[in-house]
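Reading the structure
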Amino acid sequence: MTEAKAGDTVQLHYKGTLDDGSVFDSSEGREPLEFTVGSGQIIPGLDRAIPGMKVGDEKTVRIEPDDAYGPHNPAARQAVPRSNIPENVPLQIGMQLQAQTDNGQMMTVTVVEISDDEVVLDANHPLAGKVLIFEIQITGIN
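Given the structure is predicted, the values throughout are model-derived calculations rather than measurements.

Quick word on the overall build of the chain
When its secondary structure is counted, the chain shows 1 helix and 9 strands. What you see in the chain, going N to C, is helices and strands ordered as β-β-β-α-β-β-β-β-β-β. The C-alpha radius of gyration computed for the chain amounts to 19 Å, which surpasses the reference 14 Å derived for 142 residues by more than 25%, pointing to a less compact arrangement than a globule. The C-alpha extent of the chain, read off along each of the three principal axes, is 60 × 35 × 30 Å. Here the chain holds 142 residues, and 35% of them are scored as buried. Residue pairs in contact within the chain that sit at least 24 positions apart in sequence constitute 61% of those at least 6 positions apart. Accessible surface computed for the chain: about 8700 Å², of which carbon and sulfur atoms make up 46%.

Here you go:
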């Protein structure tokens, strides 16, 4: 039976949880995730767990922040004047917005605080600084 290796396209079902057991993502009810091993399409810690697995193999992988979405960076939080956000945007804690950087790139930010004068936005990935636990099952290797 073929073992997955760098350059292979694999399909897998997965469930991602945090240390407290809460599920942050899952392929349940969807098609398996498909990607090329070693291509950088998925987080490094999960990518490195795949080589050597065969179709039908199951594994649980614990991934530290440095091998996932990186550490939480306090400098990625920024307070902006409430007047900088269009009035037709109904702000809520936890909602994600698209913001444009000084060099014109679009980025996703999360609203973390709201006051009458300011809105604090966080540009960290929502899973930054968190240990991720993936239960995976290989369903195909091409």
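Overview of the nonpolar core
Among the nonpolar cores identified, the biggest contains 22 residues, and I50, F134 and I136 are the most heavily contacted of them. For this core, the secondary-structure elements that each account for two or more residues are strand 1 (9-18), helix 1 (44-49), strand 4 (58-63) and strand 9 (132-141). What F134 contacts, discounting residues up to four positions off in sequence, is Y14, K15, G16, F24, I43, L46, K59, T60, V61 and I63. Core analysis: the second largest hydrophobic core is formed by 9 residues, L91, V109, V111 and L121 among them.

Some points on the sheet that holds strand 6 (residues 96-100)
Sheet strands line up and pair through hydrogen bonds in the backbone, either parallel or antiparallel. Spatially, 4 strands are ordered 5-8-7-6 in an open sheet, and the strand pairing comes out antiparallel. Because the sheet does not close on itself, it has two edges, and the strands there are strand 5 (77-81) and strand 6. Averaged over neighbouring strand pairs, the angle between their axes works out to 45 degrees when direction is ignored. When strand 5 meets strand 8 (residues 118-122), the two strands line up antiparallel, connected through 5 bridges. Counterpart to P81 in the pairing with strand 8 is E118.

Here's the deal with the pattern of salt bridges
Enumeration over the complete set of coordinates arrives at 7 salt bridges. Among the salt bridges present, the one from D25 reaches R30, with a minimum N-O distance of 3.5 Å. Look at D25 and you get partly exposed, because its relative accessible area is 29%. Residues joined in a network through salt bridges with shared partners are D19, R62 and E64.

Structural notes on the side chain of S26
Within the element layout of this structure, S26 appears in strand 2 (residues 23-26). Polar side-chain contacts of S26 include one of 3.5 Å to the backbone oxygen of Y14. The contacts of S26, once residues within four sequence positions are left out, are Y14 and K15.

Some details on the packing of aromatic side chains
Two measures describe an aromatic ring pair: the distance that separates the ring centres and the angle between the ring planes. Using the criterion set out here, one finds 2 aromatic pairs in the structure. Centre to centre, the rings of Y14 and F134 are 6.3 Å apart; their planes meet at 55 degrees, and the pair counts as tilted. Within this pair, whereas Y14 is found in strand 1, its partner F134 is found in strand 9, the two being separated by 120 residues in sequence. For the pair Y14 and F134, one class covers both residues: buried.

Reading guide: rules and limits
- Residues numbered from 1 in each chain as written.
- Predicted model: local features only at pLDDT ≥ 70, side-chain atom pairs only at ≥ 80, totals over all residues.
- Heavy atoms only, no water.
- Helix = DSSP H or I, 4+ residues; strand = E, 2+ residues; numbered from the N terminus.
- Rg over C-alpha atoms; globule rule 2.2 N^0.38 Å.
- Buried < 20%, exposed > 50% of the residue type's maximum accessible area, 1.4 Å probe, protein only.
- Contact = heavy atoms within 4.5 Å.
- Areas by Shrake-Rupley, 256 points an atom, 1.4 Å probe, with all protein chains shown as cover.
- Core = buried A, V, L, I, M, F, W, Y, C linked by side-chain atoms within 4.5 Å.
- Pairing = 2+ DSSP bridges.
- Axes fitted to C-alpha atoms, helices over the stretch in contact; angles between N-to-C directions.
- Salt bridge = Lys/Arg side-chain N within 4 Å of Asp/Glu carboxyl O.
- Polar contact = N/O pair within 3.5 Å; in protein donor to acceptor, adjacent residues only side chain to side chain.
- Phe/Tyr/Trp six-rings, centres within 6.5 Å; stacked < 30°, edge-to-face > 60°.

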